[in-house]
Amino acid sequence: MTERTVVVVDQFTKRVGTVDRRGWYPIGSQPTIETTNSWDKVTVLGAVTDDGDSFYCWTEENLETRHGIWLLGALKEEFGEELVVFLDRAGYFYTRDLWEHVSGKRATETVSDSSVACVCGETLDVWYFPPKLPELNPLEGCWDRLQEWFKHRFVPDLPALKQQIQRGLPTVDEPNIWNYLCP
């Protein structure tokens with residue numbers, strides 16, 4: 001049997017604009033900051049392997065199943081043909097079309113409530129984290145650090161947001177995924 005690379009995937013969305021925060025100001029001053037309310041956003045899809053390698057891509061579109069299928073292909077191209085991928089149960093990952101892409105059938109294994117726990121193909125296995133337990137996903141902490149990096153940055157428009165994401169991603173330390181998958 002060929003050894004497979006284990007990959008954990010998660011997503012992070014950042015919108016254009018500012019985050020309103022309370023602050024301390026001198027009595028009598030009236031500080032102001034220009035803010036924007038924009039629907040423009042970028043969603044980053046991130047992946048970390050069991051060897052600590054990482055892969056990031058992003059889109060301005062709302063994520064759909066086709067993005068999940070594209071991501072699986074990009075991961076195979078980046079990390080090799082034999083993969084075990086862990087995903088959350090977001091609607092664009094947890095779909096029949098993605099399952100059929102992986103195996104040609106709905107599910108190969110289920111849990112007691114009949115929800116799909118994994119889908120296995122010849123060279124690709126997709127496992128799903130349990131619902132409503134984001135703390136099991138090692139990448140959640142990466143996004144917390146990236147959100148902290150954005151904390152005091154004004155992002156006035158979409159080009160600035162893309163630039164800031166490119167600057168912020170290198171500040172993220174990829175976790176040891178085995179600390180999460182094998183507690």
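See above for the structure.
Residues numbered from 1 in each chain as written. Predicted model: local features only at pLDDT ≥ 70, side-chain atom pairs only at ≥ 80, totals over all residues. Heavy atoms only, no water.

(A) Examining the nonpolar core more closely. Grouped together as the largest cluster of nonpolar side chains are 26 residues, with contacts concentrated most on Val9, Leu75, Val85 and Phe93. Those elements giving two or more residues to this core turn out to be β1 (5–17), β2 (37–49), β3 (54–59), α1 (65–79), β4 (83–87), α2 (96–103), β6 (116–120) and β7 (124–128). No other element matches α1, which puts five residues into this core. Here Leu75 is in contact with Val7, Val9, Ala47, Phe55, Gly80, Leu83 and Val85, once residues within four sequence places are set aside. (Core = buried A, V, L, I, M, F, W, Y, C linked by side-chain atoms within 4.5 Å. Buried < 20%, exposed > 50% of the residue type's maximum accessible area, 1.4 Å probe, protein only. Helix = DSSP H or I, 4+ residues; strand = E, 2+ residues; numbered from the N terminus. Contact = heavy atoms within 4.5 Å.)

(B) The arrangement of α2 in detail. Residues of α2 that are buried: Leu98, Trp99 and Val102. Projected onto a plane normal to the axis of α2, the buried residues spread over an arc of 100 degrees and lie on a single side. Buried residues along α2 sit against α1, β6 and β7. (Arc of directions from axis to C-beta.)

(C) Just the environment of Leu45, in detail. Inspection of the secondary structure assignment puts Leu45 in strand β2. Judged by its relative accessible area of 4%, Leu45 falls in the buried class. Along the chain, Leu45 and Tyr56 lie eleven residues apart, while their C-alpha atoms are 5.7 Å from each other. Setting aside chain neighbours within four positions, we find Leu45 in contact with Asp10, Gln11, Phe55, Tyr56, Cys57, Leu63, Leu71 and Phe93.

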